Every structure is written in structure tokens, then in C-alpha cells.
Amino acid sequence: MDIAELSDSILKADRRALARAITLVESARADHREQADALLSRLAQSGRQSLRIGLSGTPGVGKSTFIESFGMMLIAQGLRVAVLAVDPSSARSGGSILGDKTRMERLSRERSAFIRPSPSQSHLGGVARRTRDAVALCEAAGFDVVLIETVGVGQSETVVSELSDLFLLLLAPAGGDELQGVKRGIMEMADIILVNKADGDLKATATRTCADYAGALRLLRKRPQDPEGFPKALTVSAIEESGLAQAWAEMQALADWRRDGGAWEKNRAAQAQYWFAEEVRQALLARLSTPWAKARMAELSAAVAEGRETPRDAARDLLAGLGV
């Protein structure tokens, strides 16, 4: 693969080249990893930045419907939108449905949109390890907004906040005990909570749910990266496409405030440090998958089971063999 040619095509917003590049960075082959690293280093020199928006929410809350309606609104304003949707992988077969593109039928037909579903594989938080690289590729391709959709909700889902400039939490009305339905950890990460399905018979319930969350957000500790009034809760209807313009205006206001106040650069710098540490961690874990490490692990595991070595001594022995 000609990395220079692929890089030039991506900078010219070639969607086919972008898709090939994302396939390359998601590959686990050693030769592909070298090519991917060379491509990313080359593209990093472009200095292009998109507004990265992370989106999480409980299954069935309408994330795909919201993204399609929201994306169509942005495209109508002349913006280019990329959607990176992380689908859950089966723990048994390792496969994923990857059905987000079919659920966003209107958006997938737009030339100003790019939708890429990726399997979560075994990665914590429903964010594929190479999703960050895919975001960088979309930025280099000149997309104005990159939406990162994750699966489920929970403490581990907060890793998406390490990929995004703004983090949206999408919730449904009438979901039981609303204030206990979502863990405090992910609420503390959210910049804006959007209560979806605020239409029809659920409109009044959605308004009450939004008020409950607005009250809960006021109890949280003030964050230095937030202006007055943030984080906040809003109601939207992805089907009726109501509330989307207000939500987008709030996102722009928050992003502009952070850029002007320096919080944007600080956040991106902190994210770079996080992913540096994550790369080191993953590289060390990969060394445990070598044939020697697997064989030595089996030997030491048997010794521990038989009581000939303590777990601590066995671990020290293995790490010494790895040169750690």
C-alpha cells in the first residue's frame, strides 16, 4: 500500500481512501500496524481539527435515530459529518451485527456524511481501541463534526470522554427511577444530557425527566471546563426533529467558550497523555501473548496451584523473564 498516495487521497476528502485507511488502522497484523503508524504520523502534520462529539446512552434510547436526524440537520447547514459507531461484539463468537448504517438510511445516502460501524471486540467501554485513530483520520479528511457512538451505559463507557471534545448522554423518559438509572460516574462526564422521545404521549414525561436531571446536575461539583449553566439537560425528539437546533446551539456555545478560555487545548493535551499511557499498557499486555510468555504462564500457574510458588513470586518471575 502506497502510504503517501493514501494520505494525499484522504486529505482530498476521498471517502473510499478514508474507508481503506480505517480498515488499515483496525488491523492487528504487524505489517499493517507499521503502515498505519506511518499514515497517522503523516496526516498529523495537516493540523486539521473537527468537533468531536461522544454520544452514549442506554440500549433502545434512540441513538441511531438521533444521530441521523442530528446529522441531517448539520448537513443542511453545509457541514460535513462523520459517524463512528461502535457495535458490541459477541463474547462467544466474536462477531458483530454492525447494523448502524442500515438504521441511518437517509444519512448514509448523503455525500457529506460518512458512517463507519466498528466492532468493540474485547475492549472495555464499548470503544474500539483504534477508534481514536479513526477519529484522527476523519479529522484529516476534513469533516467538520465527528460523532462517536458507543454501546450501553456504565462506568466503563466513560472512556469515550477521552476521545471527544463534548460528551452527550442520551436518555429516555419514563425509564423507572431516573436519578438512579444512570451511574454517577457517567453523569459527571456528561456535558449535556438529552432526554429523547419528547413527543406524543411521552412529551410531558420527558419534560419532568429533564427537570429531574437538571436538578441532579446542579448537585454535582462544579467543573473548571464548564461555563455558567453547564452541564445542562435538554429535551429532544429525534423523530419530530424538535429541540435539535437548540441542542446544537448549546454545543457550539460550550465549544466556543472552551476554545476561548483555553480549556479545549488543555483537554486535548490531557487526552493525548491518556492515550500514550494506554498504548504503553496495551503494548505490555501484548507481550503476554507471545509463545514464550504463554508457556511460562502455564508453568508458573501450575506451580502456584500446587503450592510450590506464591502468586507474588510467580508474577515476579514472569515479569523478570519479560524484562519488566
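Once a new chain begins, its residue numbering starts again from 1 and follows that chain's sequence as written. Local features in this predicted model are restricted to residues of pLDDT 70 or higher, and side-chain atom pairs are both shown and tallied only at a pLDDT of 80 or more, whereas totals for entire chains, interfaces and linings draw on every residue. Side-chain calculation: all heavy atoms of the structure are included, whereas hydrogens and water are not.

A. Main features of the overall build of the chain. When you go through the chain residue by residue, the secondary structure sums to 14 helices and seven strands. Evaluated residue by residue, the chain yields a buried proportion of 46% over its 324 residues. By element, 52% of the accessible surface of the chain is carried by carbon and sulfur atoms, the whole surface being about 16400 Å². Numbering of helices and strands runs from the N terminus, with a helix taken as a DSSP run of H or I at least four residues long and a strand as a DSSP run of E at least two residues long. The rule is simple: take the accessible area with a 1.4 Å probe, protein chains only, and divide by the maximum for that residue type; under 20% is buried, over 50% is exposed, in between is partly exposed. Each accessible area value is a Shrake-Rupley result obtained with a 1.4 Å probe; residue values ignore everything except the protein chains displayed when judging cover.

B. Geometry of the nonpolar core. Note on terminology: a nonpolar core comprises buried Ala, Val, Leu, Ile, Met, Phe, Trp, Tyr and Cys residues joined through side-chain atoms within 4.5 Å. Of all hydrophobic cores here, the largest spans 45 residues; its most connected members are Ile10, Leu18, Leu39, Leu137, Cys138 and Ile193. Tallying contributions element by element places helix α2 (residues 15-26) first for this core, with six residues. It only takes one pair of heavy atoms within 4.5 Å for two residues to be counted as in contact. Excluding anything up to four places from it in sequence, isoleucine 193 contacts Leu169, Leu171, Met187, Tyr213, Leu217, Lys232, Ala233 and Leu234. Ranked by size, the runner-up nonpolar core spans 35 residues in total, among them Met72, Met104, Leu166 and Ala255.

C. Focus on the packing of helix α11 (residues 244-261) against helix α12 (residues 263-286). Here, axes are lines fitted to C-alpha atoms. For helices the fit covers the stretch in contact, and angles between N-to-C directions go from 0 to 180 degrees. Closest axis-to-axis distance for the α11/α12 pair is 5 Å, and the angle between their directions is 85 degrees. Accordingly, the angle class assigned to the pair α11 and α12 is roughly perpendicular. For the pair α11 and α12, the contacting residues are Ala255, Arg258, Arg259 and Gly261 in the first and Ala263, Trp264 and Glu265 in the second. Put simply, Ala, Val, Leu, Ile, Met, Phe, Trp, Tyr, Cys and Pro go in the nonpolar bin, Asp, Glu, Lys and Arg in the charged bin, and everything else, Gly too, in the polar bin. For the contact of α11 with α12, the residue count by class is three nonpolar, one polar and three charged. Between 65 and 115 degrees an angle is taken as roughly perpendicular, under 35 as roughly parallel, over 145 as roughly antiparallel, and anywhere else as oblique.

D. Seen up close, helix α7 (residues 131-140). Counting buried positions along α7 gives eight out of 10 residues, so the element sits mostly inside the fold. Within the span of α7, buried status applies to Thr131, Asp133, Ala134, Val135, Leu137, Cys138, Glu139 and Ala140. Of the residues flanking the end of α7, it is glycine 142, one or two places downstream, whose phi is positive at about 90 degrees.

E. Inspection of the packing of aromatic side chains at higher detail. In this analysis, rings of Phe, Tyr and Trp, with Trp reduced to its six-membered ring, are considered paired at centre separations within 6.5 Å, and the interplanar angle assigns stacked below 30 degrees, edge-to-face beyond 60, and tilted for intermediate values. One pass over the full model with this rule turns up four aromatic pairs. When the centroid spacing of 5.8 Å and the interplanar angle of 70 degrees are considered together, the rings of phenylalanine 70 and tryptophan 248 count as edge-to-face. Placement of phenylalanine 70 in helix α4 (residues 63-76) and of tryptophan 248 in helix α11 is noted, with a sequence separation of 178 residues between them. Across the pair, exposure class does not vary: phenylalanine 70 and tryptophan 248 are buried alike. Aromatic side chains phenylalanine 114 and phenylalanine 143 sit 6.2 Å apart centroid to centroid with 45 degrees between the ring planes, which places their arrangement in the tilted category. A residue pair is termed long-range when its members are at least 10 positions apart, and phenylalanine 114 in strand β3 (residues 113-119) and phenylalanine 143 in the loop between α7 and β4 (145-149) qualify at 29 residues. The pair phenylalanine 114 / phenylalanine 143 is uniform in exposure class, with both members buried. Through successive ring pairs, a cluster of aromatic residues spans Phe66, Phe70 and Trp248. The residue whose ring lies beneath lysine 232 is phenylalanine 230, and the NZ or CZ to ring-centre distance is 4.6 Å. Counting as a charge over the ring demands two things of the Lys NZ or Arg CZ atom: a distance within 6 Å of the ring centre and an angle within 35 degrees of the ring normal.

F. Structural detail: a nonpolar patch on the surface. Patch definition: residues above 30% relative accessible area lacking any salt bridge, with like charges linked at up to 9 Å and the nonpolar side chains Val, Leu, Ile, Met, Phe, Trp and Tyr linked at up to 5 Å. One side-chain nitrogen of Lys or Arg within 4 Å of one carboxyl oxygen of Asp or Glu is enough to make a salt bridge. Taken together, the side chains of Phe276, Val280, Leu284, Leu319 and Val324 present a nonpolar region at the surface, about 470 Å² in accessible area. Counting residues per element, the nonpolar patch draws most heavily on α12, at three residues. By the secondary structure assignment, valine 324 is in the segment after α14 (311-321).

G. Structural detail: the pattern of salt bridges. This structure, assessed with the given rule, holds 22 salt bridges. Where aspartate 133 meets arginine 33, a salt bridge forms, and the shortest distance between an N and an O atom there is 3.9 Å. Pair noted here: aspartate 133 is in helix α7 and arginine 33 is in helix α3 (residues 30-44), with a separation of 100 residues, a long-range link. Note that aspartate 165 is salt-bridged to arginine 268, the shortest N-O span being 2.8 Å. Remark: arginine 268 occurs in helix α12 and aspartate 165 occurs in the loop between β4 and β5 (166-171); sequence separation between them is 103 residues. A network of salt bridges, in which partner residues are shared, links Arg33, Asp37, Arg130, Asp133 and Glu279.

H. Region of the structure containing α11. Here the expected span of a helix is defined as 1.5 Å times the quantity of residues minus one. With 18 residues, α11 should reach 26 Å at 1.5 Å per residue; the first-to-last C-alpha distance of 26 Å fits that figure. Along α11, the residues that are buried comprise Leu244, Ala247, Trp248, Glu250, Met251, Leu254, Ala255 and Arg258. The arc that holds every buried residue of α11, seen down its axis, measures 160 degrees, which confines them to one face. The exposed residues of α11 that point more than 90 degrees off its buried face are Ala245, Asp260 and Gly261. Glycine 262 lies just past α11 and shows a positive phi near 90 degrees. This arc corresponds to the set of directions leading from the helix axis out to the C-beta atoms.

I. Structural view of the environment of alanine 198. As for its position among the elements, alanine 198 is in the loop between β6 (192-195) and α10 (203-219). Taking the C-alpha atoms as reference points, alanine 198 and cysteine 210, 12 residues apart in sequence, are found 9.7 Å from one another. Excluding its chain neighbours within four sequence positions, the residues that come into contact with alanine 198 are Lys203, Ala206, Thr235, Val236 and Ser237.

J. Representation of the side chain of serine 237. Here serine 237 is to be found in the loop between β7 (232-235) and α11. Here a polar contact is taken to be a pair of N or O atoms separated by no more than 3.5 Å, where protein atoms must pair a possible hydrogen donor with a possible acceptor and residues adjacent in sequence count only if both atoms sit in side chains. Among the polar contacts listed, one links the side chain of serine 237 to the side chain of aspartate 199, at a separation of 2.5 Å. Dropping the residues within four chain positions of it, serine 237 is found in contact with Asn196, Lys197, Ala198, Asp199 and Ser242.

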